[in-house]
Amino acid sequence: MHTSISAVALASAAVLLTACSTTPMTTSMYSQDALPPTVQVPAGHSVAMQTVGAGDITYECRGKKDMAGQFEWVFVGPDAVLSDRSGKAVGKYFGPPATWASNDGSKVTATQLAVAPAGAGNIPFQLVKANPAMGSGAMTGVTYIQRVATKGGVAPASVCSAGNAGSKEVVKYRADYIFWKAA
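Presented here is a report on the structure given in the accompanying data block. Bear in mind that the values here come from a model prediction, so they are computed numbers and not experimental data. (Residues numbered from 1 in each chain as written. Predicted model: local features only at pLDDT ≥ 70, side-chain atom pairs only at ≥ 80, totals over all residues. Heavy atoms only, no water.)

Turning next to the nonpolar core. Ranked by internal contacts, the top residues of the largest apolar core, which has 22 residues, are L82, Y93, W100, I145, Y173, Y177 and F179. Every element with two or more residues in this core is listed here: β1 (45-63), β2 (71-83), β3 (89-94), β6 (125-130), β7 (142-152) and β8 (168-182). No other element matches the 5 residues that β8 contributes to this core. Discounting residues that sit within four places of it in the chain, Y173 has contacts with G53, A54, G55, D56, I57, A80, Y93, I123, K151, G152 and G153. Y30, A116, F125 and L127 belong to the second largest nonpolar core, which has 13 residues in total. (Core = buried A, V, L, I, M, F, W, Y, C linked by side-chain atoms within 4.5 Å. Buried < 20%, exposed > 50% of the residue type's maximum accessible area, 1.4 Å probe, protein only. Helix = DSSP H or I, 4+ residues; strand = E, 2+ residues; numbered from the N terminus. Contact = heavy atoms within 4.5 Å.)

Shown next, in the form of C-alpha cells:
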C-alpha cells in the first residue's frame with residue numbers, strides 16, 4: 001500500500017512539472033522572421049508588450065471616390081479589448097483615430113507605414129509608427145506597433161449600393177498587437 005501511494009505521488013508530481021514546463025510564459029520571445037519584410041520592425045527595437053485584440057470593426061456603405069454611381073464598404077473604425085497572453089484585459093483599441101489605450105491611462109495613436117496580405121478572409125498584417133504617447137505608463141516610449149495573426153475583420157460580403165448607402169455593418173475580428181520600443 002505504501003509503495004502505491006509513493007508511486008501515485010511521484011506520478012502526480014511528474015504531471016505537474018510537465019504541465020509547468022509546457023505552459024507558455026507571457027514574456028515569451030517573439031519572432032517576426034515569418035512576417036513579410038514590409039511589416040517587420042527595423043533593427044534597434046525590442047518587444048515591450050504583446051497583446052491580443054478581440055472585438056469589432058465597423059464598415060459603412062459609401063460611394064466610391066471619383067466613381068459616380070459605384071459603392072463600396074469603407075472601414076470606419078475598430079472597437080476591441082486588448083488582453084495579455086493570459087487573457088487579462090490590459091487596454092482597448094478604438095478609433096478613429098486609431099488609438100491603443102492601456103488600462104493605466106497611457107495611450108498612443110500611430111501612422112500606418114505598411115500592410116501585407118494575411119490570407120483570405122483576414123484583415124492584413126500592418127506596421128504603424130507610433131506618435132508620442134499621451135499619459136505615462138505602458139504606452140510611453142512605444143515606437144512601432146505590429147498587427148499580426150489576424151482572423152476575420154474584412155469588409156462585409158453583403159451588397160453595398162445606392163439602396164443601402166450610409167448603412168453600417170459590424171464584423172468580428174481578432175489580431176495580435178505587438179508593441180515595440182527603441183532598444
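With that out of the way, let us pick up the pairing of strand β5 (residues 107-116). Relative to β5, strand β4 (residues 99-102) runs antiparallel, the two being bridged by 3 bridges. Residue pairing across strands places T99 opposite T109, the latter belonging to β5. Hairpin connection, β4 to β5: the antiparallel pair is bridged by 4 residues, and G105 has positive phi, about 100°. (Pairing = 2+ DSSP bridges.)

Right, let's get into the packing of aromatic side chains. A full pass over the atoms with the stated rule returns 5 aromatic pairs. Ring centres of Y59 and F75 lie 6.1 Å apart, and the angle between their planes is 80°; this geometry places the pair in the edge-to-face category. One end of the pair, Y59, is in strand β1; the other, F75, is in strand β2, and 16 residues separate them in sequence. Taken together, the aromatic side chains of Y93, W100 and Y177 make up a single cluster linked through ring pairs. The ring of Y144 has K129 lying over it, and the distance from NZ or CZ to the ring centre is 4.8 Å. (Phe/Tyr/Trp six-rings, centres within 6.5 Å; stacked < 30°, edge-to-face > 60°. Lys NZ or Arg CZ within 6 Å of the ring centre and 35° of its normal.)

On the basis of which strands lie adjacent, the closed barrel formed by 8 strands has the order β1-β2-β3-β4-β5-β6-β7-β8 and antiparallel pairing. Within this sheet the neighbouring strands show an average axis-to-axis angle of 30°, counted without direction. Summarising the sheet, β6 and β7 pair through 4 bridges and their orientation is antiparallel. The residue of β7 that forms the bridge with V128 is I145. (Axes fitted to C-alpha atoms, helices over the stretch in contact; angles between N-to-C directions.)

It is worth spelling out the state of the cysteines at this point. Under the defined criterion, the tally for this structure stands at 1 disulfide. Note that C61 is cross-linked by a disulfide to C160, the S-S spacing being 2.1 Å. When the S-S torsion is 95°, as for the bridge of C61 with C160, the disulfide is right-handed. Residue C61 is found in strand β1, and its partner C160 is found in the loop between β7 and β8; the two are separated by 99 residues along the sequence. On the accessibility criterion, C160 (15% relative accessible area) is buried. (Disulfide = S-S within 2.5 Å.)

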